[in-house]
Amino acid sequence: MTLGKAGARGIPLTIIDSAKPVTQEAHEHRQDSKGDGPRTLGQPAPCYLFVAEQAISEAEIAQEMQHHRAPTPAHSRAAAARALVVRELLRREVQRLGLAEQVPASGQETAEEAGIRVLLEREIEDRVPAEEACRRYYEQNRQLFRAPDLIRVRHILLGAAADDVTGRIRARAEAERLIAELKINPVLFADFAMRHSDCPSKTQGGELGWLQRGQATPEFDRQVFRLREGLAAFPVESRWGYHVVSVDGIQPGAEQAFDAVRERISDYLELQVRQRELQIYLLGLQERYPVRGLDAIEALASA
């Protein structure tokens, strides 16, 4: 069982109410504070996950899943279960040490949330990496520290809704026709944009300006950054339709100097150390408060 991912996510702000301990043998179910959790035919939601004697119900896991996007429901359920286990481990340790009573709530924090914050501040030491460690990481990963690549793009959008099969076939055919004409007479691009494009950029001749990765629709972005300079030989498809694209300039990102990225490297290395220490700390808490059921949930996600 691994709790590292949950620890790295950060401690959720909603703390589980455990005023009524629940044992596996009794098959009792602890309702949340509002008592409005999901039920099946009037029966309590089943519990397969336990931290010591405390049950974490499927209803609580289902509620937590909304905060854990994943490729499949099983992966989302496993991530939610891990987060709830981490929360319960920390909540129990706060209770054992009496931190919730010692630390006053502030702002939007509850006393228990404040207790968890103080617990982690006390147990997980902040370690600022030395300059030597930061510089060593920089030298070993120089390819990571470059300014974004930029491309200058013009386009003509032949619009068609994603579910309009006939419209998309027509749009692709029109885009191919325009590309064929532009290969012969490229100076017509701005004129074609004004007459045919369904994008507001048509008034600027289809000009989108200098783009870096992540600024355009993802599927458009992925394709145009693979193009060479000049008129694309094929239409570029996106959710909006088909695009006739001209790449008018490519500017590779320049390497960034160490001084420009030192703070970013330091923050990253500090986070890595903190996550490792949190992992070790959580494993220690599991010896005090045994966790049952999480392995089975994670196994279903890996199947």
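Before reading on, note that the structure itself is shown above.
Residues numbered from 1 in each chain as written. Predicted model: local features only at pLDDT ≥ 70, side-chain atom pairs only at ≥ 80, totals over all residues. Heavy atoms only, no water.

Engineer: If you had to explain the overall build of the chain to someone new, which residues and values would you point to?
Structural biologist: Helix and strand counts for the chain stand at 11 helices and eight strands. For the chain, buried positions account for 42% of its 303 residues. For the chain, the accessible surface area stands at approximately 17300 Å², while carbon and sulfur atoms represent 52% of it. (Helix = DSSP H or I, 4+ residues; strand = E, 2+ residues; numbered from the N terminus. Buried < 20%, exposed > 50% of the residue type's maximum accessible area, 1.4 Å probe, protein only. Areas by Shrake-Rupley, 256 points an atom, 1.4 Å probe, with all protein chains shown as cover.)

Engineer: Describe the pairing of strand S2 (residues 54–57), naming the residues involved and giving the relevant values.
Structural biologist: Alternating residues of S2 divide into Gln 54 and Ile 56 and Ala 55 and Ser 57, and every residue in both groups is buried. In this sheet, S2 lies alongside strand S1 (residues 47–51) in antiparallel orientation, the contact comprising four bridges. Bridge pairing links Val 51 to Gln 54 in S2. Hairpin connection from S1 to S2: two residues lie between these consecutive antiparallel strands, with Ala 52 at a positive phi of about 55°. (Pairing = 2+ DSSP bridges.)

Engineer: Which residues make up the pattern of salt bridges, and what values do they have?
Structural biologist: According to the stated counting rule, one finds 25 salt bridges in the structure shown. One salt bridge connects Glu 237 with Arg 168, and the closest N-O pair in it is separated by 3.1 Å. In this pair, Glu 237 sits in strand S6 (residues 236–238) while Arg 168 sits in helix H7 (residues 165–184), placing the two residues 69 residues apart along the sequence. Taking relative accessible area as the criterion, Arg 168 reaches 10% and is therefore assigned buried. The partner of Arg 177 in a salt bridge is Glu 181, and the shortest N-O contact between them spans 2.4 Å. Taken together, the residues Arg 177 and Glu 181, both in helix H7 and four residues apart, mark about one turn of the helix. Note on Arg 177: relative accessible area 35%, which makes it partly exposed. Beyond isolated ion pairs, a larger network of salt bridges with shared partners links Glu 53, Glu 88, Arg 91 and Arg 92. (Salt bridge = Lys/Arg side-chain N within 4 Å of Asp/Glu carboxyl O.)

Engineer: So, the packing of helix H6 (residues 131–140) against helix H10 (residues 258–288): which residues are in play, and what are the values?
Structural biologist: Closest axis-to-axis distance for the H6/H10 pair is 9 Å, and the angle between their directions is 105°. The angle between the axes of H6 and H10 places the two elements in the roughly perpendicular class. Between H6, through Glu 131, Ala 133, Cys 134, Arg 135, Tyr 137 and Tyr 138, and H10, the contact on the second element is made entirely by Phe 258, Val 261, Arg 262, Ile 265, Ser 266, Tyr 268 and Leu 269. Of the residues assigned to the contact of H6 with H10, the class counts are nine nonpolar, one polar and three charged. (Axes fitted to C-alpha atoms, helices over the stretch in contact; angles between N-to-C directions. Parallel < 35°, antiparallel > 145°, perpendicular 65-115°, else oblique. Contact = heavy atoms within 4.5 Å. Nonpolar A, V, L, I, M, F, W, Y, C, P; charged D, E, K, R; others polar.)

Engineer: Give me the lowdown on the sheet that holds strand S8 (residues 291–292), citing residues and values where you can.
Structural biologist: The three strands are arranged S2-S1-S8 in an open sheet whose pairing can be described as antiparallel. Strands at the two margins of the open sheet, each flanked by one partner only, are S2 and S8. Here two bridges tie S1 to S8, and the two strands are oriented antiparallel to one another. For Phe 50, the partnering residue across the bridge sits in S8 and is Arg 292.

Engineer: Describe H7, listing the residues and the values that go with them.
Structural biologist: Counted at 1.5 Å a residue, the expected span for H7 with its 20 residues is 28 Å, and the 30 Å between its end C-alpha atoms agrees. Considered for burial, the residues of H7 that qualify are Gly 167, Arg 168, Ala 171, Ala 175, Leu 178, Ile 179 and Leu 182. Along the axis of H7, the buried residues cluster in a sector spanning 110°; they form a single face. In H7, the exposed positions that point more than 90 degrees away from the buried face belong to Val 165, Thr 166, Ile 169, Arg 170, Lys 183 and Ile 184. (Expected span 1.5 Å × (residues − 1). Arc of directions from axis to C-beta.)

Engineer: Kindly report on unusual backbone geometry, identifying the contributing residues and their values.
Structural biologist: Most peptide bonds take the trans form, and the phi angle of most residues other than glycine is negative. Here the phi dihedral of Ala 52 falls at roughly 55°; this positive angle occurs in a residue that is not glycine. Among the secondary structure elements, Ala 52 is positioned in the loop between S1 and S2.

Engineer: Any details on helix H11 (residues 294–302)? Residues and values, ideally.
Structural biologist: Looking only at H11, the buried set comprises Leu 294, Ile 297, Glu 298 and Ala 301. Burial along H11 is one-sided: seen end-on, the buried residues are contained in an arc of 95°.

Engineer: Describe the packing of aromatic side chains, with residues and values.
Structural biologist: Geometry of an aromatic ring pair is reported as the spacing of the ring centres plus the angle between the planes. Within this structure, the stated rule accounts for four aromatic pairs. Ring geometry for Tyr 137 against Tyr 268: centres 5.5 Å apart, planes inclined by 40°, an arrangement best described as tilted. Linking Tyr 137 in helix H6 with Tyr 268 in helix H10, this pair joins segments that are 131 residues apart in sequence. With relative accessibility at 37%, the residue Tyr 268 sits in the partly exposed group. Three or more aromatic residues joined by ring pairs make a cluster, and in this case those are Tyr 137, Tyr 138, Phe 145, Phe 258 and Tyr 268. Lying across the ring of Phe 258, Arg 135 places its NZ or CZ 4.1 Å from the centre. (Phe/Tyr/Trp six-rings, centres within 6.5 Å; stacked < 30°, edge-to-face > 60°. Lys NZ or Arg CZ within 6 Å of the ring centre and 35° of its normal.)

Engineer: Got a sec to walk through the packing of H7 against helix H8 (residues 189–196)? Specific residues and values, please.
Structural biologist: Two elements in contact, H7 and H8, have axes whose closest approach is 11 Å; the angle formed by their N-to-C orientations is 155°. Regarding the angle of H7 to H8, the classification is roughly antiparallel. Where H7 crosses over H8, the handedness of that crossing is right-handed. Where H7 approaches H8, its residues Glu 174, Arg 177, Leu 178, Glu 181 and Leu 182 are matched on the opposing element by Phe 189, Phe 192 and His 196. (Left-handed = near helix turned anticlockwise from the far one by under 90°.)

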